[in-house]
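Fold and geometry: a report
This is what each chain is made of:
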Amino acid sequence: NAGVTQTPKFQVLKTGQSMTLQCAQDMNHNSMYWYRQDPGMGLRLIYYSASEGTTDKGEVPNGYNVSRLNKREFSLRLESAAPSQTSVYFCASSEGTESSYEQYFGPGTRLTVT
Amino acid sequence: GNSVTQMEGPVTLSEEAFLTINCTYTATGYPSLFWYVQYPGEGLQLLLKATKADDKGSNKGFEATYRKETTSFHLEKGSVQVSDSAVYFCALTLYSSASKIIFGSGTRLSIRP
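Residues numbered from 1 in each chain as written. Chains lettered and ligands numbered in written order. Predicted model: local features only at pLDDT ≥ 70, side-chain atom pairs only at ≥ 80, totals over all residues. Heavy atoms only, no water.

Residues and elements named next belong to chain A. Only one face of strand S7 (residues 64–68) is buried: it carries Tyr64, Val66 and Arg68, and the other face, with Asn65 and Ser67, is open. Inspection of the sheet shows S7 paired to strand S8 (residues 74–78) by five bridges, in the antiparallel sense. Paired with Tyr64 across the bridge in S8 is Leu78. With antiparallel pairing between neighbouring strands as the criterion, S7 and S8 make up a hairpin whose turn holds five residues. (Buried < 20%, exposed > 50% of the residue type's maximum accessible area, 1.4 Å probe, protein only. Helix = DSSP H or I, 4+ residues; strand = E, 2+ residues; numbered from the N terminus. Pairing = 2+ DSSP bridges.)

The structure is reproduced here in structure tokens:
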């Protein structure tokens, strides 16, 4: 049981390049989330998917797109990377979006945009 | 607005010392409160939670009490171990929705043998 997996672990991009961060969970969870973590700040929600087939914006969605490919997978795409998107990105999943459900986090992707 | 403030780190303690990591919050309504822990190279894990005033969350020797009068949820442990070295995040949710979770900035804890 791998839990939540993310690829890649590290990535360096040049300004303007695009890339997709992959996330998969094997816990049959309905809800999935993408966060970014910046120094001196807590995690901030980028996008989430309450259930398969739905996605919604979080606190900081600008510059990102997401796809809930199926129940297991939730990808995050940067169409034209900017230095302000240098961050650590975490994917998470939970049974539902109610706060009583624990969120399970992946190990993160460290992205640097030069 | 709604926010979480926790003590800045890093915090360095000797093994078996008493730990307190302060967390205060500002929120409209009645939030649920959480502590998450992030071990090196891993994602966040839920450590404990409390959903209403005066509730005490506890796990792995850690405790935190939801204090509405002081809007606080301080994390404590009586005797820390080297294996407790990690980053600790205080967080709250409002409106019973995990999509509204708000995290503090994290406190890095290092324990010396």
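There's more to say after this.
Moving on to the sheet that holds strand S1 (residues 4–7) of chain A. Within a sheet, neighbouring strands are paired by backbone hydrogen bonds and run either parallel or antiparallel to one another. Residue and element names in this part refer to chain A. Spatially, the four strands line up as an open sheet ordered S1-S3-S8-S7, and their pairing is antiparallel. Taken across any chain shown, the strands that pair with only one partner, and hence form the sheet edges, are S1 and S7. When the angles between neighbouring strand axes are averaged without regard to direction, this sheet yields 20°. Note: S1 against strand S3 (residues 19–25), four bridges, orientation antiparallel. Within the sheet, the bridge partner assigned to Thr7 lies in S3 and is Gln22. (Axes fitted to C-alpha atoms, helices over the stretch in contact; angles between N-to-C directions.)

Residues and elements named next belong to chain B. Under the counting rule described, the total for this entry stands at six salt bridges over all chains. For Asp55, the salt bridge is made with Lys52, and the minimal N-O distance between the two is 3.4 Å. The exposure class of Asp55 is partly exposed, given its relative accessible area of 21%. Notably, a salt bridge pairs Glu63 with Lys56, separated by 3.6 Å at the nearest N-O pair. (Salt bridge = Lys/Arg side-chain N within 4 Å of Asp/Glu carboxyl O.)

Let us now look at the environment of B:Glu16. Residue and element names in this part refer to chain B. Inspection of the secondary structure puts Glu16 in the loop between strand S2 (11–14) and strand S3 (19–21). The class of Glu16 is exposed, set by a relative accessible area of 60%. The spatial distance from the C-alpha of Glu16 to the C-alpha of Val82 is 8.9 Å, given a sequence separation of 66 residues. Non-local contacts of Glu16, meaning those with residues more than four positions away in its chain, are made with Gly78, Ser79 and Val80. (Contact = heavy atoms within 4.5 Å.)

Following the criterion strictly, the structure yields two disulfides over all chains and no others. Here A:Cys23 connects covalently by a disulfide to A:Cys91, the sulfurs 1.9 Å from one another. Handedness here is read from the sign of the S-S torsion; for A:Cys23 and A:Cys91, about -75°, the answer is left-handed. Of this pair, A:Cys23 sits in strand S3 while A:Cys91 sits in strand S9 (residues 87–94), placing them 68 residues apart in sequence. Judged on exposure class, the residue A:Cys23 and its partner A:Cys91 are both buried. Between the sulfur of B:Cys23 and that of B:Cys90 lies a disulfide, 2.0 Å long from S to S. The sign of the -70° torsion about the S-S bond sets the B:Cys23-B:Cys90 disulfide as left-handed. A residue pair is termed long-range when its members are at least 10 positions apart, and B:Cys23 in strand S4 (residues 23–26) and B:Cys90 in strand S10 (residues 86–93) qualify at 67 residues. Considered together, B:Cys23 and B:Cys90 belong to a single accessibility category, that of buried residues. (Disulfide = S-S within 2.5 Å.)

Under the definition given, this model contains 12 aromatic pairs over all chains. Taking the centre distance of 6.1 Å and the plane angle of 80° together, the rings of B:Tyr25 and B:Tyr66 count as edge-to-face. Of this pair, B:Tyr25 sits in strand S4 while B:Tyr66 is found in the loop between strand S8 (62–65) and strand S9 (75–77), placing the two residues 41 residues apart along the sequence. Of the two residues, B:Tyr25 and B:Tyr66, neither departs from the other in class, the shared state being buried. A network of ring pairs unites the aromatic residues A:Tyr33, A:Tyr35, A:Tyr48, A:Phe105, B:Phe34, B:Tyr36, B:Phe89 and B:Phe103 as a single cluster. (Phe/Tyr/Trp six-rings, centres within 6.5 Å; stacked < 30°, edge-to-face > 60°.)

Treat this as a map of the structure, not an account of what it does.
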